[in-house]
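Understanding the architecture of this molecule
Single-letter residue listing:
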Amino acid sequence: MSFLLDAYAARSCSVKVYHRFSAPTIPRESTYQSFPGAAEFNRRVLSLLSQKTNSADLRLDDETACQQAMEAGVELIIGGKLPSDVENHRMGRVPLLIREAEGCGYFPAVFKYQRVVEHRAASTFEYSTLTEPTQRVLVADRRFRWYWSSAIALQLAHYWLLLQACGAAPTAAPQGGVIGTDELGENQPVISWIDLDSPNIGTSTSEISPLQLYATEFSQRVQIAERVIAGDKTLETEIWPIISAECESCAWPELCVQRLDQDDLSLRLRKTPLNPYEIQTLRTLGVTTTVELAACDLESLLLEYLPLVEQRSGAESRIRSAHHRATLMQAGLELERLTTASIELPHAELEIDIDLETNGEDRVYLWGFWVDDKGSGESGYQSFSSFAELDDAAEIVLARTALAWLAAKVANVDAKIYHYSDYEKVRISRLAESSNDPAICWAKEYAKTHFVDLFKVVKTNFFTVSGLRLKNVASAATGFTWRDSDPSGLNSMRWYEQAVGASDEAARNSARQRILEYNEDDVLATWSLRRWLRTQ
């Protein structure tokens, strides 16, 4: 029976494999967008890796090119496609292959826009710099973040077994590298090394190694594929979907939703931190809907539930939060006040709300402001945008223009700048560091004392059913509505593509207007929210 599964199969939802081989229709195109900053991080890592003289970028090449590069002893192979292991149903293109220091084998490595290292007493940890990837540095009291990042280890286990199958794995113990955002004092990302055959991943009864867990999970996916291909019709009743964040990158979410009760926990509690394993555990205990969760005696449920999820840090606080959300849903409440004291927000004569928009390449193409000047009576929207393909220089020019305007506006005036979450401050700081532009550097310093984060205020004082996104909070608290029927940052990225690349001028202009109205509504929402907070 011939079929191949990639490195994400073992770490992903098993229902995906079922749909891949059984879905009667062509899957929809995924609308998933990576986290803001991920594209920039990957570009930075690739730029540093490409500086090595003995490297090869094979992202567009086939298996033969990768095999030839390994045989030639190339030190770093970027995006190489390994020969498929047909007998064991494995295939894969590895983000990075690193030749071992002594020998001719290769270690697999991946890029991940997240922290992958944590402090842990009495632990040791190895890393390499991107400039000297084959040289290891040993540090104490650090370790890989197994609880948060164990899925990465399963991906690396897949690559390791592919390397073994084609005779290119090192003779050393199985290891893989992860290039995360941790810099470990090197002022640049580093390669964090993890053991693939050491028992570091927690299960309900013990700890096992990534290779052991991978073997179990991958074998299950292979069996699913084999049964579907063989025409086994009983499989559907054995595989029950769970809606999770992973569904955003899936091609078949509608098929799963159709099978679930509309009050299913995984459907209704989308903002709860319960993960698929915890949802499945609740199902085995007879709790499948928010009505059932709200109605249960939580303390009695915990006696059965916690021993089954004890290996997952913070399990009790998560189920309590989920129960809280479920009870609010049954009461018809979206927002609940957690504190009793008056909420104090800094006032100023000039108050400005700010919101940025980024494109799919994670470049800021729109700076939006809502000006509320109590002294002059001025009130209105101001924006600075570029609906063109941006490079580093163009992004800096736009930021300089917007922030120079802001500097002139607040000069010699009692002013405060309001935003929702720290995203604006982070982007300004990042642009200042990369450009050293005077106007942007001024904004970075000004933000330390004059920017006010409304997200922190909301998080401290309120509990919400649907999460703390601005659209949820502003709508629930103030009744504010966006003009667009489907407002979201993800959608704005698609509108940007139309605003820049549509062949018809009318379509481009329409998309640009839609983006500007969406951004104006975002800053109006923060204006509306802070006015409401001052009444609480």
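Throughout what follows, the structure given in this document is the object of discussion. All figures in this text were calculated on a predicted structure; none of them were measured in a lab. (Residues numbered from 1 in each chain as written. Predicted model: local features only at pLDDT ≥ 70, side-chain atom pairs only at ≥ 80, totals over all residues. Heavy atoms only, no water.)

1. Re the environment of His324
- Tracing the chain through its elements places His324 in helix α11 (residues 315-331).
- Note on His324: relative accessible area 24%, which makes it partly exposed.
- Those residues in contact with His324 that lie beyond four places of it in its chain are Glu336 and Phe463. (Helix = DSSP H or I, 4+ residues; strand = E, 2+ residues; numbered from the N terminus. Buried < 20%, exposed > 50% of the residue type's maximum accessible area, 1.4 Å probe, protein only. Contact = heavy atoms within 4.5 Å.)

2. Focus: the packing of helix α17 (residues 489-501) against helix α18 (residues 505-533)
- For the pair α17 and α18, interaxial distance at closest approach is 7 Å and the crossing angle is 150°. Judged on the interaxial angle alone, α18 and α17 are roughly antiparallel. Crossing angle aside, the handedness with which α17 passes α18 is left-handed. Residues Gly489, Ser492, Trp495, Tyr496, Gln498, Ala499 and Val500 of α17 lie in contact with α18, whose contacting residues are Arg508, Ala511, Arg512, Arg514, Ile515 and Tyr518. (Axes fitted to C-alpha atoms, helices over the stretch in contact; angles between N-to-C directions. Parallel < 35°, antiparallel > 145°, perpendicular 65-115°, else oblique. Left-handed = near helix turned anticlockwise from the far one by under 90°.)

3. Comments concerning the pairing of strand β15 (residues 415-419)
- Within β15, five of the five residues are buried, which leaves it mostly tucked inside the rest of the structure.
- Of the two faces of β15, the one carrying Ala415, Ile417 and His419 and the one carrying Lys416 and Tyr418 are both buried.
- Where strand β12 (residues 350-358) meets β15, four bridges bridge the pair, whose relative direction is parallel. Across the sheet, the residue bridging to Leu350 is Ala415, located in β15.
- In the sheet, β15 pairs with strand β16 (residues 451-453) via three bridges, with the strands oriented parallel. When the bridges of β16 are listed, His419 appears paired with Asp453. (Pairing = 2+ DSSP bridges.)

4. Here we look at α11
- With 17 residues, α11 should cover 24 Å at 1.5 Å per step; its first-to-last C-alpha distance of 25 Å lies within 8% of that length.
- Ala315, Arg318, Ile319, Ser321, Ala322, His323, Arg325, Ala326, Leu328 and Met329 are the residues of α11 that are buried.
- Directly after α11, the chain includes Gly332, whose backbone phi takes a positive value near 75°. (Expected span 1.5 Å × (residues − 1).)

5. Side note on the sheet that holds strand β7 (residues 175-179)
- Read from one edge to the other, the open sheet built from eight strands follows the order β1-β2-β3-β4-β7-β8-β5-β6, with strand pairing classed as mixed. Each of the sheet's edge strands pairs with one partner strand only, and the pair in question is β1 (55-57) and β6 (137-144). Between one strand axis and the next, the sheet turns through 50° on average, direction left out of account.
- Of the pairings in the sheet, the one linking strand β2 (residues 76-85) to strand β3 (residues 90-99) comprises seven bridges and is antiparallel in character. Looking across to β3, one finds that Gly80 is bridged to Val94.
- Its contacts with the sheet place helix α2 (residues 38-50) against β1, β2, β3, β4 (106-111) and β7, and it is angled at close to 145° to β4.

6. Here's the deal with the packing of aromatic side chains
- Applying the stated criterion across every chain yields a total of 17 aromatic pairs.
- When the ring of Phe384 is compared with that of Trp405, the centres are 5.6 Å apart and the planes differ by 55°; the resulting orientation is tilted. Of this pair, Phe384 sits in strand β14 (residues 379-385) while Trp405 is found in helix α12 (residues 392-410), placing the two residues 21 residues apart along the sequence.
- Taking the centre distance of 5.0 Å and the plane angle of 90° together, the rings of Phe480 and Trp482 count as edge-to-face.
- Take Trp482: its relative accessible area is 10%, and that puts it in the buried class.
- Each member of the aromatic cluster is reached from another via a ring pair, and the members are Phe107, Trp160 and Trp193.
- Residue placement shows Arg136 over the ring face of Phe107; its charged tip is 5.3 Å from the ring centre. (Phe/Tyr/Trp six-rings, centres within 6.5 Å; stacked < 30°, edge-to-face > 60°. Lys NZ or Arg CZ within 6 Å of the ring centre and 35° of its normal.)

7. Comments concerning the environment of Glu517
- The topology assignment puts Glu517 in helix α18.
- On a C-alpha basis, the gap between Glu517 and Asp484 in space is 8.0 Å, while along the polypeptide they are 33 residues apart.

8. A word on the side chain of Asp373
- Among the structural elements, Asp373 can be located in strand β13 (residues 364-373).
- Here Asp373 occupies a buried position and makes no salt bridge, while the nearest side chain of opposite charge, Lys409, is found at 5.6 Å.
- A distance of 2.9 Å separates the side chain of Asp373 from the backbone nitrogen of Gly375, its partner in a polar contact.
- Every residue in contact with Asp373, bar those within four places of it in the chain, is listed here: Glu349, Leu350 and Glu378. (Lys, Arg positive; Asp, Glu negative; His and termini not counted. Salt bridge = Lys/Arg side-chain N within 4 Å of Asp/Glu carboxyl O. Polar contact = N/O pair within 3.5 Å; in protein donor to acceptor, adjacent residues only side chain to side chain.)

9. Examining the side chain of Asp182
- Its location among the elements puts Asp182 in the loop between β7 and β8 (190-195).
- Notably, Asp182 is buried but unbridged: the nearest opposite-charge side chain belongs to Arg115, and the N-O separation is 4.1 Å.
- A distance of 2.7 Å separates the side chain of Asp182 from the backbone nitrogen of Val116, its partner in a polar contact.
- Aside from chain neighbours lying at most four places away, what touches Asp182 is Gln114, Arg115, Val116, Val117, Gln188, Pro189 and Val190.

10. As for unusual backbone geometry
- Even without being a glycine, Asp362 presents a positive backbone phi close to 60°.
- Mapped onto the secondary structure, Asp362 falls in the loop between β12 and β13.
- Look at Ser421: it is not a glycine, yet its phi comes out positive at around 85°.
- Position of Ser421 relative to the elements: it lies in the loop between β15 and α13 (423-435).

11. What about the nonpolar core?
- Formed by 77 residues in total, the largest nonpolar core has its most connected members in Leu49, Met70, Leu96, Leu97 and Ile179.
- The dominant element in this core, judged by the number of residues it contributes, is helix α4 (residues 146-165), at 11 residues.
- Leu454, Val473, Ile515 and Ala525 belong to the second-largest nonpolar core, a separate cluster that totals 34 residues. (Core = buried A, V, L, I, M, F, W, Y, C linked by side-chain atoms within 4.5 Å.)

12. Looking at the pairing of β8
- β8 sits mainly inside the fold: five of its six residues count as buried.
- The pairing of strand β5 (residues 117-129) with β8 spans four bridges and is antiparallel. Along β8, the bridge assignment pairs Ser128 with Ile191.
- Where β7 lies against β8, five bridges are found, and the strand directions are antiparallel. The residue of β8 that forms the bridge with Gln175 is Asp195.

13. Considerations on the packing of helix α16 (residues 470-478) against α18
- With their axes 10 Å apart at the nearest point, α16 and α18 run at an angle of 50° to one another. What the angle tells us is that α16 and α18 run oblique. Like other packed secondary-structure pairs, α16 and α18 cross with a definite hand, here left-handed. Where α16 approaches α18, its residues Leu470, Lys471, Val473, Ala474, Ala477 and Thr478 are matched on the opposing element by Tyr518, Asp522, Ala525, Thr526, Ser528, Leu529 and Trp532.
- Looking at the contact of α16 with α18 residue by residue, the classes come out as eight nonpolar, three polar and two charged. (Nonpolar A, V, L, I, M, F, W, Y, C, P; charged D, E, K, R; others polar.)

Nothing here speaks to function; it is geometry throughout.
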